Amino acid sequence: MKKIINQPENYVNEMLEGLYIAHPDLITYTNDDLRCLVTANKKEGKVGIATGGGSGHLPLFLGYVGKGMLDGCSVGDVFQSPSAEQMLAVTKAIDSGVGVLYIYGNYNGDIFNFDMAAEMADFEEDIRVESVVAGEDVASAGPSKEGEKNTRRGVAGIFFVYKCAGGAADAMLNLEEVKRVAEKAAGNVRTMGVALTPCIVPRVGKPGFTIGEDEMEIGMGIHGETGIRHGKLEPADQIVDEMLEKIINDIPYVSGDEVAVLVNGLGATPLDEQYIVTRRINQYLGDKGIKVYRYYVGEYATSLEMAGFSISLLKLDDELKGYLDAPAQTPFFVQL
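### Some words on the pattern of salt bridges
Logical step 1: Here the structure, examined in full by the defined rule, presents 24 salt bridges.
Logical step 2: Its salt-bridge partner being Glu319, residue Lys184 comes within 2.7 Å of it at the nearest N-O pair. On the criterion of sequence distance, the pair formed by Lys184 in helix α5 (residues 175-187) and Glu319 in helix α8 (residues 318-325) is long-range, its members being 135 residues apart.
Logical step 3: The exposure class of Glu319 is partly exposed, given its relative accessible area of 24%.
Logical step 4: A salt bridge links Asp257 to Lys315, with the nearest nitrogen and oxygen atoms 3.6 Å apart. In this pair, Asp257 sits in the loop between α6 (236-250) and β10 (258-265) while Lys315 sits in strand β12 (residues 308-315), placing the two residues 58 residues apart along the sequence.
Logical step 5: On the accessibility criterion, Asp257 (13% relative accessible area) is buried.
Logical step 6: The class of Lys315 is partly exposed, set by a relative accessible area of 23%.
Logical step 7: Among the charged side chains, a salt-bridge network with shared partners connects Glu177, Arg180, Lys184, Asp317 and Glu319.

### Overview of the packing of aromatic side chains
Logical step 1: Under the criterion given, the structure shown has 12 aromatic pairs.
Logical step 2: Taken together, a centroid distance of 6.0 Å and an interplanar angle of 50° make the contact between Tyr64 and Tyr162 tilted. With a gap of 98 residues between them, Tyr64 in the loop between β3 (48-55) and β4 (72-78) and Tyr162 in helix α4 (residues 158-170) connect regions that are remote in the sequence.
Logical step 3: The class of Tyr64 is buried, set by a relative accessible area of 0%.
Logical step 4: A centroid spacing of 5.8 Å and a plane angle of 70° characterise the contact between Phe160 and Tyr296, whose relative ring orientation is edge-to-face. On the criterion of sequence distance, the pair formed by Phe160 in helix α4 and Tyr296 in strand β11 (residues 291-298) is long-range, its members being 136 residues apart. With respect to burial, Phe160 and Tyr296 carry one shared label: buried.
Logical step 5: The rings of Tyr64, Phe159, Phe160, Tyr162, Tyr296, Tyr300 and Phe333 are connected pair by pair, giving a single aromatic cluster.

### Points about the state of the cysteines
Logical step 1: One pass over the full model with this rule turns up zero disulfides.
Logical step 2: Cys36 takes part in no disulfide bond, and the closest cysteine sulfur to it belongs to Cys73, at a distance of 9.7 Å.
Logical step 3: Classification of Cys73 by relative accessible area gives buried; the value is 1%.

### Considering unusual backbone geometry
Logical step 1: The amide bond that connects Leu58 to the next residue, Pro59, takes the cis arrangement and shows omega of 10°.
Logical step 2: For Pro59, the position within the fold is in the loop between β3 and β4.
Logical step 3: For Leu304, which is not a glycine, the phi torsion comes out positive at approximately 55°.
Logical step 4: Along the polypeptide, Leu304 turns up in the loop between β11 and β12.

### Side note on the side chain of Asn264
Logical step 1: When you line up the elements, Asn264 lands in strand β10.
Logical step 2: Classification of Asn264 by relative accessible area gives buried; the value is 0%.
Logical step 3: Among the polar contacts made by the side chain of Asn264, one reaches the main-chain amide nitrogen of Tyr300 at a distance of 2.6 Å.
Logical step 4: A polar atom in the side chain of Asn264 sits 2.8 Å from the backbone nitrogen of Ala301.

### Quick word on the sheet that holds strand β7 (residues 189-195)
Logical step 1: Judged by pairing direction, the sheet is mixed, and its six strands sit side by side in the order β9-β8-β7-β12-β10-β11 without closing on themselves. Edge positions in the sheet fall to β9 (229-232) and β11, since each has one partner strand and no second. When strand polarity is set aside, the average angle formed by the axes of neighbouring strands in this sheet is 15°.
Logical step 2: Sheet topology places strand β8 (residues 215-218) next to β9; four bridges connect them, and they run antiparallel. Among the inter-strand pairings, Glu215 is bridged to a residue of β9, identified as Lys232.
Logical step 3: Sheet contacts for α5: β7 and β12; angle to β7, the most-contacted strand, approximately 50°.
Logical step 4: Running over the sheet, α8 touches β10, β11 and β12 and is turned about 35° from β11.

Calculation rules
- Residues numbered from 1 in each chain as written.
- Predicted model: local features only at pLDDT ≥ 70, side-chain atom pairs only at ≥ 80, totals over all residues.
- Heavy atoms only, no water.
- Salt bridge = Lys/Arg side-chain N within 4 Å of Asp/Glu carboxyl O.
- Helix = DSSP H or I, 4+ residues; strand = E, 2+ residues; numbered from the N terminus.
- Buried < 20%, exposed > 50% of the residue type's maximum accessible area, 1.4 Å probe, protein only.
- Phe/Tyr/Trp six-rings, centres within 6.5 Å; stacked < 30°, edge-to-face > 60°.
- Disulfide = S-S within 2.5 Å.
- Polar contact = N/O pair within 3.5 Å; in protein donor to acceptor, adjacent residues only side chain to side chain.
- Pairing = 2+ DSSP bridges.
- Axes fitted to C-alpha atoms, helices over the stretch in contact; angles between N-to-C directions.
- Contact = heavy atoms within 4.5 Å.

Here it is in structure tokens:
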């Protein structure tokens, strides 16, 4: 293992210490717990938005706490859920009397602990909590039928849910409306990724899986979950075409639809390569008659030092465009 760290067991706390040092104007922590991260600019009378999840995915999850997006984040160890007690501490800190919305990824540990935190917030603190669980990875499961539980993993597309819900909350919509906007965004985003290399959890010290030097895995999850196809590395255009075909057919899209596009690096993919991917996405969508309203290119949801990328499409209407365009400022994202 070759990493710029001290002791592996101190990895998360030392990373958080650095973040608080670098961004004191935007974030702080509550309950004397570095892992209970909250905004330094609480807006009274506004619905609070909280998220949480394991470390190792920066900027996800905590990187979107700030102005115009999230208000708090409970931080777990690498690839591990934070505790219900940490989630409750964040909830108490960000509540301003009009309720809190939880937005988090579709993983069993997070679901269990967020549900427990919501119950404690209700019974112990009289704080009303609603939840939206994001799960948009088309490689992880088929689409759920009406009334069925969504079993898809939540990955980089949750950024769009944060952005739209954050815009709605900043516009001082009530809890029901902020939840509706979050659900609308979550229901209209799809993602697929490809991995070229494994990653190493610091406490483990070795890769959790292997990918050959000339291989790739289409559909791999951000914790190394199995994808849908393992094979030889192909040219960028072929990889993009395969991923977009599955995303577009899943909504499905038709000519004239308008989208926001997120090209997300998984931690070790140069921006040069991400823009090569962006070029092909633009060609492909143009051939389908799908209009692109806005591109986001960079690292939005990583997996430590994994090489690869993901593509997320958000199907837009005028309401979602308005919230997507709203100003926001966080340690890792600024939109004026």
